[in-house]
Amino acid sequence: MPPRTRFAPSPTGYLHIGSVRTALYAWLYARRHGGEYILRIEDTDRERSTQEAVDAILNGLDWLGLDADEGPIYQTQRFGRYREVLDRLLEQDKAYRCYCTREEIDAMRAAAMDKGEKPRYDGRCRSGDRVRGDVEPVVRFKNPLSGEVVLDDLVKGRIVFDNAELDDLIIARSDGTPTYNFTVVVDDADMRITHVIRGDDHVNNTPRQINMFRALGVEPPAYAHLPMIHGPDGAKLSKRHGAVNVLEYRAMGFLPQALLNYLLRLGWSHGDQEIFTLEEMQRLFDLDKVSRSAASFDPMKLLWVNQQHIQAAPEEQLVGLLRGQLEAQGVDPASGPPLELTVEALRERSQTILEMAEQAHCYYEEYEELDEKSAKAHLRPVAREVLVDLREAFGALDDWSESATQQVVERVAEGRGVKLGKVAQPLRVALTGRAASPGIGVTLVLVGKARTLERIDRALRYVDSRGQ
Ligand code: GLU
């Protein structure tokens, strides 16, 4: 039977790195085994759920290409169904109304604490003879009193829970709204989910959920609980570690496939392979190689993975991203060389598209300031005559190709009897404002003839002002 997995975020905050990894694993597992992946929005907590968060989740998943075969299915659209199942459980005496007041529950808690026990509901309404007119009851699930729940977790291995440790969970509040553990079970059952892949902060909910599956007469799914992701400092990954919203990674110039690749490796391995294409991810992923221990988020490695993907990415993708990034920075991509040229010149030198765009600025508009260190080192009075030669030769050059411009640089160096670097470096600083750029011929092509002449003049003015 092909698997059916789901990703079930609660829209109470942005889609963050940890949830994306959960979604990715559920998506990949379904893709790998020819199954289906369902997106379910768990929005029953109406006070904490927001439309903004729903949008951020949908946009984030969309950006990453984690497309769902079904959904988004909103839990708030399913209240009728929850009511139906609740009534059935009540009818079958698998759930009961609990009339305990706040005070009673508090007293129960205090008594348990006094005895050094875990606070738990003592089941006093379980027999159904405490009906009261003055209290709106909650509904509790009748958890089995004895026996064990054995969870053979696909990541964590076997975990055994004692039913005696589990109290009767509230499955509907006094206003009739269903609670999280109940809606998850109804949905996972109705949606015929075969594999629940989620964060291990849910492990303790699992035995209760398994008991509810059994009460509904449905075979529980298999579970895979994923270990947490820690920040580089060892603490649980949080806002402090940067990007809260996964879309911020897009703004920072990460490629979706790179982020997925990085998150794939954060808790899963395939030998020592680090870089995976999307096709490989879908072909190779499986749950048996998911690590049992917590993973540590490493921003430097993410940058490296991004750089690898930038080098391998199709040109059209990079062109589109670079265009977007330049426009976002107020630079007109039409005011310089074709973006294809820029991408090919810079893709090996950029860890992010943001970095690529920063390097590309000077090919589309005047750079603002000369980098001081570069200018001091290379635009010295001795460079004056070299720049003057270049100015003259370039002015007379019609074939503005990489090889022809490069030859001009070589000839000027020969003519002055200096090493190539003594010509290329001052020229590079003149052209880009700094001492690092692609090969000098490529840089000249990117800058174009008119700007080259203007910028040599600008550099000469700098040299002269320095000499005084
Ligand atoms: N809505 C839950 C959460 O966001 C996930 C529930 C589940 O995966 O079972 O933590």
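Procedures and definitions
Residues numbered from 1 in each chain as written. Predicted model: local features only at pLDDT ≥ 70, side-chain atom pairs only at ≥ 80, totals over all residues. Heavy atoms only, no water. Helix = DSSP H or I, 4+ residues; strand = E, 2+ residues; numbered from the N terminus. Buried < 20%, exposed > 50% of the residue type's maximum accessible area, 1.4 Å probe, protein only. Axes fitted to C-alpha atoms, helices over the stretch in contact; angles between N-to-C directions. Parallel < 35°, antiparallel > 145°, perpendicular 65-115°, else oblique. Left-handed = near helix turned anticlockwise from the far one by under 90°. Contact = heavy atoms within 4.5 Å. Nonpolar A, V, L, I, M, F, W, Y, C, P; charged D, E, K, R; others polar. Near = heavy atom within 4 Å. Polar contact = N/O pair within 3.5 Å; in protein donor to acceptor, adjacent residues only side chain to side chain. Areas by Shrake-Rupley, 256 points an atom, 1.4 Å probe, with all protein chains shown as cover. 1 Å grid on protein atoms, 1.4 Å probe; cavity = no way out; pocket = protein on both sides within 12 Å on 5 of 7 lines; lining within 4 Å. Sits in = over half its atoms within 2 Å of the grid points. Patch = residues over 30% accessible without salt bridge, like charges linked within 9 Å, V, L, I, M, F, W, Y side chains within 5 Å. Salt bridge = Lys/Arg side-chain N within 4 Å of Asp/Glu carboxyl O. Lys, Arg positive; Asp, Glu negative; His and termini not counted. Charge placed at Lys NZ, Arg CZ, Asp CG, Glu CD. Core = buried A, V, L, I, M, F, W, Y, C linked by side-chain atoms within 4.5 Å. Phe/Tyr/Trp six-rings, centres within 6.5 Å; stacked < 30°, edge-to-face > 60°. Lys NZ or Arg CZ within 6 Å of the ring centre and 35° of its normal.

**Side note on unusual backbone geometry**
Here is step 1: Cis rather than trans, the peptide bond between Gly 71 and Pro 72 has omega equal to 5 degrees.
Here is step 2: Positive phi, close to 60 degrees, is recorded for Asp 93, a residue that is not glycine.
Here is step 3: Summarising the element assignment, Asp 93 is placed in the loop between α3 (79-91) and β4 (95-98).
Here is step 4: Residues other than glycine seldom take positive phi values, yet Arg 192 does so here, at roughly 50 degrees.
Here is step 5: Residue position: Arg 192 is located in the loop between α5 (180-190) and β9 (195-199).
Here is step 6: Among the residues examined, Arg 192 registers a relative accessible area of 54% and is labelled exposed.

**Details of the packing of α5 against helix α6 (residues 206-215)**
Any two packed helices are characterised by how steeply their axes cross, that is the angle between the axes, and by the distance between the axes.
Here is step 1: Between α5 and α6, the shortest axis-to-axis distance is 10 Å and the interhelical angle comes to 50 degrees. Judged on the interaxial angle alone, α6 and α5 are oblique. Helix-helix and strand crossings are classified by hand; for α5 and α6 the assignment is right-handed. Residues Tyr 180, Asn 181, Phe 182, Val 184, Val 185, Asp 188 and Ala 189 of α5 lie in contact with α6, whose contacting residues are Gln 209, Met 212 and Phe 213.

**A short note on the packing of α3 against α5**
Here is step 1: In contact at an axis separation of 10 Å, α3 and α5 are set at 100 degrees when each is read in the N-to-C sense. The orientation of α3 relative to α5 falls into the category roughly perpendicular. Residues Arg 81, Tyr 82, Val 85, Leu 86 and Leu 89 of α3 lie in contact with α5, whose contacting residues are Phe 182, Thr 183, Val 186, Asp 187 and Asp 190.
Here is step 2: Broken down by class, the residue content of the contact of α3 with α5 amounts to six nonpolar, one polar and three charged.

**Thoughts on the site of the ligand**
Here is step 1: Around the ligand lies a shell formed by Arg 6, Ala 8, Pro 9, Ser 10, Glu 42, Tyr 180, Val 184, Arg 198 and His 202.
Here is step 2: Within the side chain of Glu 42, one N or O atom sits 2.6 Å away from a nitrogen atom of the ligand.
Here is step 3: Here the ligand, which alone exposes 300 Å², has 80% of that area covered by the protein.
Here is step 4: For the ligand, the cavity whose grid points lie within 2 Å of the majority of its atoms is the largest pocket.
Here is step 5: Broken down by class, the residue content of the shell around the ligand amounts to four nonpolar, two polar and three charged.

**Quick look at a positive patch on the surface**
Here is step 1: Where like charges cluster on the molecular surface, the positive patch consists of Arg 380, Lys 419, Lys 422 and Arg 466.
Here is step 2: Secondary-structure assignment places Lys 422 in helix α17 (residues 420-432).

**Considerations on the environment of Ala 413**
Here is step 1: Note that Ala 413 resides in helix α16 (residues 402-416).
Here is step 2: On the basis of relative accessible area, Ala 413 is assigned to the buried category, the value being 4%.
Here is step 3: Once the C-alpha coordinates of Ala 413 and Arg 158 are considered, the two residues, 255 residues apart in sequence, prove to be 73 Å apart.

**Focus: the pattern of salt bridges**
Here is step 1: Throughout the structure, instances matching the rule amount to 38 salt bridges.
Here is step 2: Taking the shortest distance from any N to any O, the salt bridge between Arg 78 and Asp 187 comes out at 2.8 Å. Highlighted residues: Arg 78 in the loop between β3 (70-74) and α3 and Asp 187 in helix α5, separated in sequence by 109 residues.
Here is step 3: Exposure remark for Arg 78: the relative accessible area of 17% places this residue in the buried category.
Here is step 4: Residue classification places Asp 187 among the buried positions, given a relative accessible area of 0%.
Here is step 5: Across the pair Arg 78 and Asp 190 runs a salt bridge, and its minimum N-O distance is 2.8 Å. With Arg 78 in the loop between β3 and α3 and Asp 190 in helix α5, this pair connects stretches of sequence that are 112 residues apart.
Here is step 6: Judged by relative accessible area, which is 30%, Asp 190 ranks as partly exposed.

**Examining the side chain of Asn 205**
Here is step 1: For Asn 205, the position within the fold is in the loop between β9 and α6.
Here is step 2: Accessibility expressed as a relative area gives 17% for Asn 205, which makes it buried.
Here is step 3: With sequence-adjacent residues up to four places away left out, Asn 205 is seen in contact with Tyr 180 and Asn 181.

**Topic: the nonpolar core**
Here is step 1: In this structure, Leu 390 and Phe 394 are the most contacted members of the largest nonpolar core, which totals 99 residues.
Here is step 2: In terms of residue count, the dominant contributor to this core is helix α1 (residues 17-32) (ten residues).
Here is step 3: Aside from chain neighbours lying at most four places away, what touches Leu 390 is Gly 395, Val 408, Val 409, Val 412, Val 423, Leu 427 and Ile 456.
Here is step 4: Tyr 82, Phe 141, Ala 172 and Tyr 223 belong to the second largest nonpolar core, which has 29 residues in total.

**Section: the packing of aromatic side chains**
Two aromatic rings, taken as a pair, are described by how far apart their centres are and by the angle between their planes.
Here is step 1: In the structure shown here, the tally under the stated rule is seven aromatic pairs.
Here is step 2: Centre to centre, the rings of Tyr 249 and Phe 254 are 5.5 Å apart; their planes meet at 70 degrees, and the pair counts as edge-to-face. Note on accessibility: Tyr 249 and Phe 254 belong to one class, buried.
Here is step 3: Here the aromatic cluster, defined as three or more aromatic residues joined through ring pairs, consists of Tyr 25, Trp 268, Phe 276 and Phe 285.
Here is step 4: Between the NZ or CZ atom of Arg 140 and the centre of the ring of Tyr 121, over which it lies, the distance is 3.5 Å.

So far we have only geometry, and geometry alone does not tell us how the molecule works.
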